[in-house]
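Survey of secondary and tertiary structure
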Amino acid sequence: MYDKKETYKKLMTIVAPIALQYLMSSLVTASDAFMLGFLEQDSLSASSLAGQVAFVFSLFFNAFVFGLNVLAAQYWGKGDRKSAEEVLAITMRYSLLVGFIFTLAAAWIPDKIMMLFTDEAPLITAGANYLRTISASYLLTGFTQAYFGIMKICDRAKLSSVIGSLAVLLNIILNALLIFGVG
């Protein structure tokens, strides 16, 4: 017999942690903009322009992770753990490759990347500095997002949400310390 209440309860144990994780991720961007608003306008503009690189990168890794979610969920649902692991391995390979390319580009040619978005020298300089500083994050982001994807499929949505939320809080705290030069 179909129990509507039980179905909604099970659904909420999956949906609520995922929604919380996406909310926390959105807080990073909002808090960065808020904190940078206390600095000069060029800092805010440069980080916003440099953030476009992260957006382009997210198009790649989101495609990989969405593919992982669809395929691995089907295998996991059938009880085929080995195939789910193989899908994760393939996703990791491509996520790390794209992350490595973005990391190298952001570390070695950030000024050239910034020139794609603006021709104003102060914004190019500030944005290039920002890209160089966060360059390793592209490699790490692709890696972690693939694991967060597989954790959600393997009934570990709460753990994925807790880890992601703690990482976001740490990111916000470190950003505040670095932006305002504390310590």
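Rules of the game
- Residues numbered from 1 in each chain as written.
- Predicted model: local features only at pLDDT ≥ 70, side-chain atom pairs only at ≥ 80, totals over all residues.
- Heavy atoms only, no water.
- Core = buried A, V, L, I, M, F, W, Y, C linked by side-chain atoms within 4.5 Å.
- Buried < 20%, exposed > 50% of the residue type's maximum accessible area, 1.4 Å probe, protein only.
- Helix = DSSP H or I, 4+ residues; strand = E, 2+ residues; numbered from the N terminus.
- Contact = heavy atoms within 4.5 Å.
- Expected span 1.5 Å × (residues − 1).
- Axes fitted to C-alpha atoms, helices over the stretch in contact; angles between N-to-C directions.
- Parallel < 35°, antiparallel > 145°, perpendicular 65-115°, else oblique.
- Nonpolar A, V, L, I, M, F, W, Y, C, P; charged D, E, K, R; others polar.
- pLDDT = per-residue confidence, 0-100.
- Salt bridge = Lys/Arg side-chain N within 4 Å of Asp/Glu carboxyl O.

1. Describing the nonpolar core
One finds V53, F57, F102, M114, L131 and Y138 to be the most contacted residues of the largest nonpolar core, which totals 14 residues. When residues of this core are assigned to their parent elements, the largest contribution, 5 residues, is made by helix α2 (residues 41–78). Setting aside its immediate chain neighbours within four residues, F57 contacts V98, G99, F102, Y138, T141 and G142. Judged by nonpolar contacts, the second largest core, of 10 residues, contains A84, L88, A146 and I150.

2. Points about helix α3 (residues 81–108)
Spanning 28 residues, α3 covers 40 Å between terminal C-alpha atoms, matching the ideal 40 Å at 1.5 Å per step. Within α3, burial applies to S83, A84, V87, L88, T91, M92, S95, V98, G99, F102, T103 and A106. Contacts made by the buried residues of α3 are with α2, α4 (110–115) and α5 (121–153).

3. Examining unusual backbone geometry
Phi is positive for D155, which is not a glycine, with a value near 60 degrees. You can see D155 is positioned in the loop between α5 and α6 (157–179).

4. A closer look at the packing of helix α1 (residues 4–36) against α6
Between α1 and α6, the least distance of the axes is 8 Å, while the angle of their chain directions is 5 degrees. It follows that α1 is roughly parallel to α6 by the angle criterion. Tallied by class, the residues present in the contact of α1 with α6 amount to 15 nonpolar, 10 polar and 2 charged.

5. Examining the confidence of the model for the protein
In this model, the protein carries an average pLDDT of 86, and 98% of its residues clear a pLDDT of 70 or more. In the model of the protein, α1 stands out as the element of lowest mean pLDDT, 77, in contrast to α4, which has the highest, 96.

6. With respect to the pattern of salt bridges
In the structure shown here, the tally under the stated rule is 2 salt bridges. Residue E86 is joined to K82 by a salt bridge in which the shortest nitrogen-to-oxygen separation is 3.2 Å. Within this pair, E86 and its partner K82 are both found in helix α3, separated by 4 residues, close to a single helical turn. What makes E86 partly exposed here is its relative accessible area of 41%. When the shortest N-O distance is used, the salt bridge between D111 and K112 registers 3.8 Å.

7. Brief notes about α2
Taking 1.5 Å per residue as the helical rise, α2 with its 38 residues ought to reach 56 Å, and the 54 Å between its terminal C-alpha atoms agrees with that figure. For α2, the full list of buried residues reads S43, A46, S47, A50, V53, F57, S58, F61, V65, L68 and A72. Packing partners of the buried residues in α2 comprise α1, α3, α4 and α5. In the stretch just after α2, G79 is the one whose phi turns positive, near 85 degrees.

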